[in-house]
Amino acid sequence: LSGLTRSVAAAVLAAPPEASYHDALRSFLAAENVQPGFWLKNQLNIAKCYLRLADNHNAAAWLDRLVNTSPESAEDKEVLAEAAALLRKMR
């Protein structure tokens, strides 16, 4: 978080969030390991973390996996559309 965002968060929340993209990635990967494919949004979040960490190789691998998945719900369709858009931006 930027200094200003941290200051605002500290004023509103009493303490700014301490999590990082590495922390988030570990959590998303752990959830995926427990039950692979349980929630497509989790896989999208994994890809987004890799993007924020500048690991385009792993981000693309997760996005490729997603766009080759069949949607089972309206949320899945939204996730797959976002994954396809991110993948197009990368290429």
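Please refer to the structure placed before this passage.
Here the structure is a predicted model, which means the values were calculated and not measured. Chains are numbered independently. Their residues run from 1 in the order of the written sequence. Whole-chain, interface and lining totals are the exception, using all residues; otherwise, since this is a predicted model, local features are given only for residues with pLDDT of at least 70 and side-chain atom pairs are given and counted only at 80 or more. Only hydrogens and water are set aside; all other atoms, that is, all heavy atoms of the structure, feed into the side-chain values.

**A closer look at the packing of aromatic side chains**
Then, in step 1: Only rings of Phe, Tyr and Trp enter the pairing, Trp through its six-membered ring, and a pair is recorded when the two centres are within 6.5 Å. The plane angle decides the type: under 30 degrees is stacked, over 60 is edge-to-face, the rest tilted. One pass over the full model with this rule turns up 1 aromatic pair.
Then, in step 2: For the ring pair Phe 38 and Trp 39, a centre distance of 6.4 Å and an interplane angle of 40 degrees mean the geometry is tilted.
Then, in step 3: The class of Phe 38 is partly exposed, set by a relative accessible area of 40%.
Then, in step 4: For a ring to carry a charge above it, either NZ of a lysine or CZ of an arginine must fall within 6 Å of the ring centroid while also lying within 35 degrees of the normal to the ring plane. Lying over the aromatic face of Trp 62, Arg 65 brings its terminal NZ or CZ to 4.0 Å of the ring centre. Accessibility here uses a 1.4 Å probe with only protein chains present; expressed as a share of the type maximum, an area under 20% marks a residue as buried, one over 50% as exposed, and anything in between as partly exposed.

**Things to note about the nonpolar core**
Side chains that are nonpolar tend, in soluble globular proteins, to be buried together.
Then, in step 1: To form a nonpolar core, buried Ala, Val, Leu, Ile, Met, Phe, Trp, Tyr and Cys residues must be joined to one another through side-chain atoms within 4.5 Å. Grouped together as the largest cluster of nonpolar side chains are 17 residues, with contacts concentrated most on Leu 44, Tyr 50, Leu 63 and Leu 66.
Then, in step 2: Runs of H or I in DSSP of at least four residues are treated as helices and runs of E of at least two as strands, each being numbered from the N terminus. Taken together, the elements giving at least two residues each to this core come down to helix H3 (40–52), helix H4 (56–67) and helix H5 (74–90).
Then, in step 3: The element best represented in this core is H3, accounting for 6 residues.

**Examining H3**
Then, in step 1: Helix span, as expected, comes to 1.5 Å for every residue beyond the first. Between its first and last C-alpha, H3 extends 19 Å over 13 residues, near the 18 Å set by a 1.5 Å rise per residue.
Then, in step 2: Listing the buried residues of H3 in full gives Leu 40, Asn 42, Gln 43, Leu 44, Asn 45, Ile 46, Ala 47, Cys 49 and Tyr 50.
Then, in step 3: Contact criterion: two residues are considered in contact whenever any of their non-hydrogen atoms come within 4.5 Å of each other. Buried residues belonging to H3 abut helix H2 (21–34), H4 and H5.
Then, in step 4: Once H3 ends, the next one or two residues include Ala 54, with phi positive near 60 degrees.

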